Amino acid sequence: MNKDTKQKGNDKRQEITSLRKAVEKAQVKDTLEQVFKLTLDQRVDRYIELRPHGIIPNSHFAAVSAESHELYRDGHFYGTISLTQAVAEALIRFLCQKNGWGPNQNYKENLKQLKTRGKISLELATLFTKIWKDRNNYHHLNPGIEQDRQKLEILAKEKLLCLKKIEKELFAYTAKEGKLIPKYPKYWDQENGTVPAFLRFD
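> Would you take a moment to explain the overall build of the protein chain for this structure?
For the protein chain, the helix and strand inventory stands at 7 helices and 4 strands. Going residue by residue from the N terminus, the α and β elements of the protein chain occur as α-β-α-α-α-α-α-α-β-β-β. Relative to the compact-globule value of 17 Å for 202 residues, the protein chain shows a C-alpha radius of gyration of 24 Å, a clear excess of over 25%. For the C-alpha atoms alone, the extent of the protein chain along its principal axes is close to 85 × 50 × 35 Å. Here the protein chain, with 202 residues, has 33% of them falling under the buried criterion. With 36 positive and 26 negative side-chain charges, the protein chain shows a separation of 4 Å between the mean positions of the two kinds.

> What is the right way to look at empty space enclosed by the protein in this model?
If you roll a probe as big as a water molecule over the atoms, it shows you where there is empty space left. A full pass over the atoms with the stated rule returns 1 cavity of 30 Å³ or more. Of the voids in this model, the largest cavity is the one considered here, and its volume is about 30 Å³. Put simply, the parts of the chain that give the lining of the largest cavity at least two residues each are α3 (77-98) and α4 (107-116). Residue classes in the lining of the largest cavity are distributed as 1 nonpolar, 4 polar and 2 charged.

> It is not clear to me how the packing of helix α2 (residues 62-73) against α3 should be interpreted in this structure. Could you clarify?
Helices that pack against each other are described as a pair by the angle of their axes relative to one another and the distance between those axes. Packing of α2 against α3 brings their axes to within 8 Å, and their N-to-C directions diverge by 160°. Taken together, α2 and α3 sit at an angle that is classed as roughly antiparallel. The chirality of how α2 crosses α3 is left-handed. Mapping the contact onto sequence places Val64, Ser65, Glu67, Ser68, Leu71 and Tyr72 in α2 and Phe77, Gly79, Thr80, Leu83, Thr84 and Val87 in α3. Classifying every residue of the contact of α2 with α3 gives 6 nonpolar, 5 polar and 1 charged.

> What exactly am I supposed to notice about the layout of surface pockets here?
When its volume is computed, the largest pocket comes out at roughly 180 Å³. As for the largest pocket, its lining consists of Leu127, Lys130, Lys133, Asp134, Leu155, Glu158, Lys159, Leu161, Cys162 and Lys165. Put simply, the parts of the chain that give the lining of the largest pocket at least two residues each are α5 (122-132) and α7 (149-170). Top element by residues in the lining of the largest pocket is α7. It accounts for 6 residues.

> Quick question: what am I supposed to make of a nonpolar patch on the surface here?
On the surface, Phe36, Leu40, Val44 and Ile48 cluster together into a nonpolar patch covering about 330 Å² of accessible area. By secondary structure assignment, the location of isoleucine 48 is in helix α1 (residues 3-49).

> Help me out: how do you make sense of the environment of serine 65 in this one?
Examined against the element boundaries, serine 65 turns out to sit in helix α2. Using a relative accessible area of 0% as the deciding quantity, one classes serine 65 as buried. Each C-alpha atom, one on serine 65 and one on leucine 180, is 20 Å from the other, the two residues being 115 residues apart in sequence. Not counting residues within four places of it along the chain, the set of residues in contact with serine 65 comprises Ile56, Val87, Leu163, Glu167 and Arg200.

> Can you help me understand the side chain of serine 68 in this one?
Tracing the chain through its elements places serine 68 in helix α2. Polar side-chain contacts of serine 68 include one of 2.5 Å to the backbone oxygen of serine 65. Dropping the residues within four chain positions of it, serine 68 is found in contact with Thr80, Leu83, Thr84, Leu160 and Leu163.

> Help me understand the environment of glycine 75 in this model?
Relative to the helices and strands, glycine 75 is located in the loop between α2 and α3. Spatially, the C-alpha atom of glycine 75 lies 8.4 Å from that of glutamine 42, the residues being 33 residues apart in sequence. When near neighbours in sequence (up to four residues on either side) are disregarded, glycine 75 contacts Arg46 and Arg149.

How each quantity is defined
Residues numbered from 1 in each chain as written. Predicted model: local features only at pLDDT ≥ 70, side-chain atom pairs only at ≥ 80, totals over all residues. Heavy atoms only, no water. Helix = DSSP H or I, 4+ residues; strand = E, 2+ residues; numbered from the N terminus. Rg over C-alpha atoms; globule rule 2.2 N^0.38 Å. Buried < 20%, exposed > 50% of the residue type's maximum accessible area, 1.4 Å probe, protein only. Lys, Arg positive; Asp, Glu negative; His and termini not counted. Charge placed at Lys NZ, Arg CZ, Asp CG, Glu CD. 1 Å grid on protein atoms, 1.4 Å probe; cavity = no way out; pocket = protein on both sides within 12 Å on 5 of 7 lines; lining within 4 Å. Points joined across faces, edges and corners; volume = space filled by probe spheres on them. Nonpolar A, V, L, I, M, F, W, Y, C, P; charged D, E, K, R; others polar. Axes fitted to C-alpha atoms, helices over the stretch in contact; angles between N-to-C directions. Parallel < 35°, antiparallel > 145°, perpendicular 65-115°, else oblique. Left-handed = near helix turned anticlockwise from the far one by under 90°. Contact = heavy atoms within 4.5 Å. Patch = residues over 30% accessible without salt bridge, like charges linked within 9 Å, V, L, I, M, F, W, Y side chains within 5 Å. Areas by Shrake-Rupley, 256 points an atom, 1.4 Å probe, with all protein chains shown as cover. Salt bridge = Lys/Arg side-chain N within 4 Å of Asp/Glu carboxyl O. Polar contact = N/O pair within 3.5 Å; in protein donor to acceptor, adjacent residues only side chain to side chain.

These figures capture arrangement, not role.
This is the structure in structure tokens:
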């Protein structure tokens, strides 16, 4: 076999491979578009009924909190629950640090300290507790986790709503002459008179 014949063979194989990839891509795209169209109304309804708190500090947990809402909107309820619990844990540690002490590794102990020292209200403590309920089961995927999709959606919504209420209180703000005025300034890092924020408006 001469070089020209060998090259033509290689070119032909590459052409066939490229064609197969193009067909596969078109098939996957079509499937995804169909799924999106079928679930679009449900996604819109879920987003409208549980919009995220619009502005929070541009912290390490900000994007993760936003993603938990996106997971719920798109119907990924296990992910919603797990991520909401992770954000709650990050918030608890964040509150300890912002209030002047180092958090330990125990969520409930950190929550107890915040409550005992008067840094959060009983209402907020209750919301944090509701989010954390059954955390280990979902974190470790124990057999006892909810598997009924309708019940799972309700549970995901309940936990995410608790997170929204927490963020709405901790990161409450007003606006004056285009300037953000936080209710609790110590929870917002300020740079040269400005407040870096993470926007969640669609």
